[in-house]
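Descriptive structure summary
Residue-level listing of the chains:
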Amino acid sequence: MILLMTMILTSCNKILDVDPLSEWSKESFYANKKEADMALSGIYSQLANDNVYGYYFNVLLEAGTDETYVNAAPASRAPAKYLFTPSTDAIKNLWLRLYTCIQLVNQFEKNLKADKFSTEEYNQLLAKARFMRGFCYFTLANWFGPVPLRLTPSTSQADNHLAPSPVKEVYEQAENDYLFAAEHLEHASSAKYVPGEPNKMAAHGLLARLYLKMGGYQPYLSENESECYLENPQQYFDKAKDQCEIIISDGWHGIVPYATDPDSYRNHFINYLQDRYDLRETLFEISFGNYIRMGVQVGGRMGNINGLNFQGATGIPRSFVYVNVGLPVYNIYSLEDSRRTWSIGGYYNAWSSASESFVMRYIFDSPLNQYYGIGKFRRWEPKDIEYLKANSPVTGAEYTILNNTPGSETDPNFTSTNFPILRYSDVLLMHAEAIIGSRNGTADATPEAVNSLNIVRERAGLDPYIGSVVHDDFFKELVDERLRELCFEGLRKQDLIRWNLLEEKLEATNKAIEEHPDFKSTDVIHRIYLETGENFDRKKHLLFPYPLQETQMNDFLDQRNVW
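**Topic: the overall build of the chain**
- Scanning the chain from terminus to terminus reveals 21 helices and 15 strands.
- Over its C-alpha atoms the chain spans a radius of gyration of 23 Å, differing by no more than 12% from the 24 Å that the globule rule assigns to 563 residues.
- Each principal axis of the C-alpha distribution contributes one length, and for the chain these read about 70 × 55 × 50 Å.
- Here the chain, with 563 residues, has 61% of them falling under the buried criterion.
- If you take every contact in the chain between residues at least 6 apart in sequence, the share linking residues at least 24 apart comes to 74%.
- Total accessible area on the chain is roughly 21,300 Å²; 49% of this is exposed by carbon and sulfur atoms.
- Taking the average place of the 54 positive charges on the side chains of the chain and the average place of its 74 negative ones, the gap between the two points comes to 4 Å.

**Section: the sheet that holds strand 8 (residues 319–321)**
- Taking strand neighbours across the sheet as the criterion, the five strands line up as 8-7-10-11-13 in an open arrangement whose pairing is mixed. Whereas interior strands pair on both sides, the edge strands pair on one side only; in this sheet they are strand 8 and strand 13 (394–395).
- Examined bridge by bridge, strand 7 (residues 306–311) and strand 8 share two bridges and lie antiparallel to one another. Looking at strand 8, one finds that Phe-310 is bridged to Ser-319.

**Re the environment of Pro-412**
- Relative to the assigned elements, Pro-412 resides in the loop between strand 14 (399–401) and strand 15 (419–423).
- A C-alpha to C-alpha distance of 5.4 Å links Pro-412 and Arg-318, two positions 94 residues apart in sequence.
- Once residues within four sequence positions are removed from consideration, Pro-412 is found in contact with Asn-304, Arg-318 and Phe-320.

**Section: the pairing of strand 4 (residues 282–286)**
- Where burial is concerned, most of strand 4 is hidden: five out of the five residues are buried.
- Looking at chain direction, strand 4 and strand 15 are connected through four bridges and run antiparallel. Within strand 15, the residue paired with Thr-282 across the bridge is Arg-423.

**A look at the nonpolar core**
- Membership of the largest hydrophobic core comes to 154 residues, with the highest contact counts inside it found for Tyr-53, Phe-108, Phe-131, Phe-144 and Phe-474.
- With 15 residues, helix 6 (residues 119–144) is the single largest residue contributor to this core.
- Look past the residues within four positions of Phe-131 in its chain and what remains in contact with it is Asp-177, Tyr-178, Ala-181, Leu-185, Pro-198, Asn-199, Ala-202, Ala-203, Leu-206 and Phe-284.
- Core analysis: the second largest hydrophobic core is formed by 10 residues, Ile-316, Tyr-347, Trp-380 and Leu-388 among them.

**What to know about the state of the cysteines**
- Taken as a whole and assessed by the stated rule, the structure comprises zero disulfides.
- Free of any disulfide, Cys-136 has its nearest cysteine sulfur in Cys-101, 3.6 Å distant.
- Residue class for Cys-136 comes out buried when judged on its relative accessible area of 0%.

**Description of unusual backbone geometry**
- In this structure, Pro-393 follows Ser-392 across a cis peptide bond, with omega equal to 0°.
- Unusually for a residue other than glycine, Asp-275 sits at a positive phi of about 60°.
- Tracing the backbone shows Asp-275 in the loop between helix 10 (264–273) and strand 4.
- Despite not being glycine, Ser-438 has its phi angle at roughly 55°, a positive value.
- For Ser-438, the location among the structural elements is in the loop between helix 14 (424–436) and helix 15 (447–459).
- On the accessibility criterion, Ser-438 (6% relative accessible area) is buried.

**Regarding the pattern of salt bridges**
- Going through the model one piece at a time under the given rule, you end up with 35 salt bridges.
- As a salt-bridge pair, Arg-457 and Glu-477 come within 3.9 Å of each other at their nearest N and O atoms. Within this pair, whereas Arg-457 is found in helix 15, its partner Glu-477 is found in helix 16 (residues 471–486), the two being separated by 20 residues in sequence. Taken as a pair, Arg-457 and Glu-477 share a single burial class, namely buried.
- The partner of Arg-484 in a salt bridge is Glu-481, with the nearest N and O atoms 3.0 Å apart. With Arg-484 and Glu-481 both in helix 16 and three residues apart, this pair spans about one turn of that helix. Assigned by exposure class, Arg-484 and Glu-481 land together as buried.

Thresholds applied
Residues numbered from 1 in each chain as written. Predicted model: local features only at pLDDT ≥ 70, side-chain atom pairs only at ≥ 80, totals over all residues. Heavy atoms only, no water. Helix = DSSP H or I, 4+ residues; strand = E, 2+ residues; numbered from the N terminus. Rg over C-alpha atoms; globule rule 2.2 N^0.38 Å. Buried < 20%, exposed > 50% of the residue type's maximum accessible area, 1.4 Å probe, protein only. Contact = heavy atoms within 4.5 Å. Areas by Shrake-Rupley, 256 points an atom, 1.4 Å probe, with all protein chains shown as cover. Lys, Arg positive; Asp, Glu negative; His and termini not counted. Charge placed at Lys NZ, Arg CZ, Asp CG, Glu CD. Pairing = 2+ DSSP bridges. Core = buried A, V, L, I, M, F, W, Y, C linked by side-chain atoms within 4.5 Å. Disulfide = S-S within 2.5 Å. Salt bridge = Lys/Arg side-chain N within 4 Å of Asp/Glu carboxyl O.

The structure is reproduced here in structure tokens:
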């Protein structure tokens with residue numbers, strides 16, 4: 001397992017940074033499979049860092065949409081309210097980790113000894129590394145726009161001076177890396193496949209995501225919105241459709257339908273919570289493990305900082321509401337949607353000094369409550385939710401710990417909960433979107449597009465879609481369905497940006513908050529909810545600024561004039 005190798009390499013609480021096994025000479029480094037696998041572990045570990053998928057990137061930097069906003073004023077949460085600057089640590093550290101990963105891949109490519117491996121094995125090792133490089137460059141281009149394109153290892157200070165490449169070139173490099181990966185990686189069904197590693201269909205799925213982005217809104221291209229698209233965007237939707245159909249027609253990946261298991265959605269996420277691999281539904285995930293007892297700290301904070309409040313003592317599944325479930329998420333689910341009560345927790349536990357015990361409260365229908373937290377990665381749940389509903393608040397209510405991996409159950413900070421990067425339901429929804437050409441296309445939904453949507457709906461316990469298949473109507477349904485299905489998975493902000501809908505959704509969110517019966521203009525928490533939409537400036541916030549230290553170190557990287 002990749003994670004285990006990463007943890008072995010990061011014992012004594014030392015996270016791999018630039019050169020895994022740097023004490024080995026570069027001449028003898030990647031001379032056998034064991035050494036190559038160790039190096040790949042160092043590459044993978046960069047994304048399991050707090051600054052990337054540990055929580056800063058996928059939780060806080062991704063916040064500030066119709067999906068999540070924050071309820072407090074600390075500087076650590078400022079980026080979620082569009083109060084970031086070129087000096088913001090979260091942005092600087094994201095850049096650093098992504099480029100560190102790229103540096104490790106470039107070094108891996110240079111030092112992998114082809115004559116020590118069979119052609120197949122050599123290409124598979126390269127494919128794993130290039131998959132990660134493609135992922136990093138795609139992420140950088142999404143969030144920063146034009147960035148320096150480094151394809152060889154940096155060896156001196158002079159290598160810092162590199163002009164940013166046009167985003168299309170960065171995307172094309174990611175495309176080339178993914179295509180190579182798709183050709184040479186193992187299929188997840190293979191006996192040779194190691195769960196947690198990149199695999200063939202994950203590369204195809206991330207190619208589809210890349211193509212949808214290439215066909216969408218590109219905010220760095222022009223101040224004129226009509227010019228913010230690459231030439232002939234329809235070509236990219238056609239490519240996205242093809243990549244999705246490779247996965248769909250392959251037939252191995254899928255989701256467990258509601259008819260087979262009414263708790264299919266919940267049970268799928270229980271697998272992430274308990275560090276188990278569901279290879280049929282999950283094409284790629286970030287693997288975490290928490291082995292503090294072993295002197296190793298490689299873990300994320302899923303369910304800890306983006307969970308259901310439980311704090312006030314030791315030995316509990318401690319969790320905090322750093323980000324709130326957005327009111328539009330509460331509003332968008334129908335009552336019969338099985339995803340509703342999993343994505344939204346609707347309860348919390350807090351220590352009462354008066355009674356010297358925990359008091360649990362049920363707040364599902366109070367979406368402006370400051371403890372209205374995300375349920376999707378919850379660490380715990382009440383043992384008797386129906387009793388809690390009927391008798392809230394309940395003193396000393398019993399609960400069940402869900403993230404029960406040994407060493408992780410009650411750790412105050414870290415959890416073993418894995419984080420999904422690409423799920424099969426996302427492939428189905430991308431397929432439907434690609435068929436109609438996304439927001440600016442003209443095609444109506446075909447039976448194939450409706451079928452892909454309906455597979456996702458059926459697993460949620462919903463009837464088949466019978467609404468309009470006219471392009472604009474069906475697109476709006478996909479916008480909503482992606483929120484229902486994929487909320488809190490680090491995708492919403494980039495979805496809204498490529499659709500050029502972020503500003504519109506922020507305005508609608510603030511309007512919904514202010515019109516809610518529970519809203520009080522004098523409530524400090526309610527005012528903080530509104531700050532996200534009030535602070536947003538589309539001229540600045542559709543991209544991150546380049547980190548200050550990068551513009552100081554790189555003579556050819558000029559900050560955008562809006563900063």
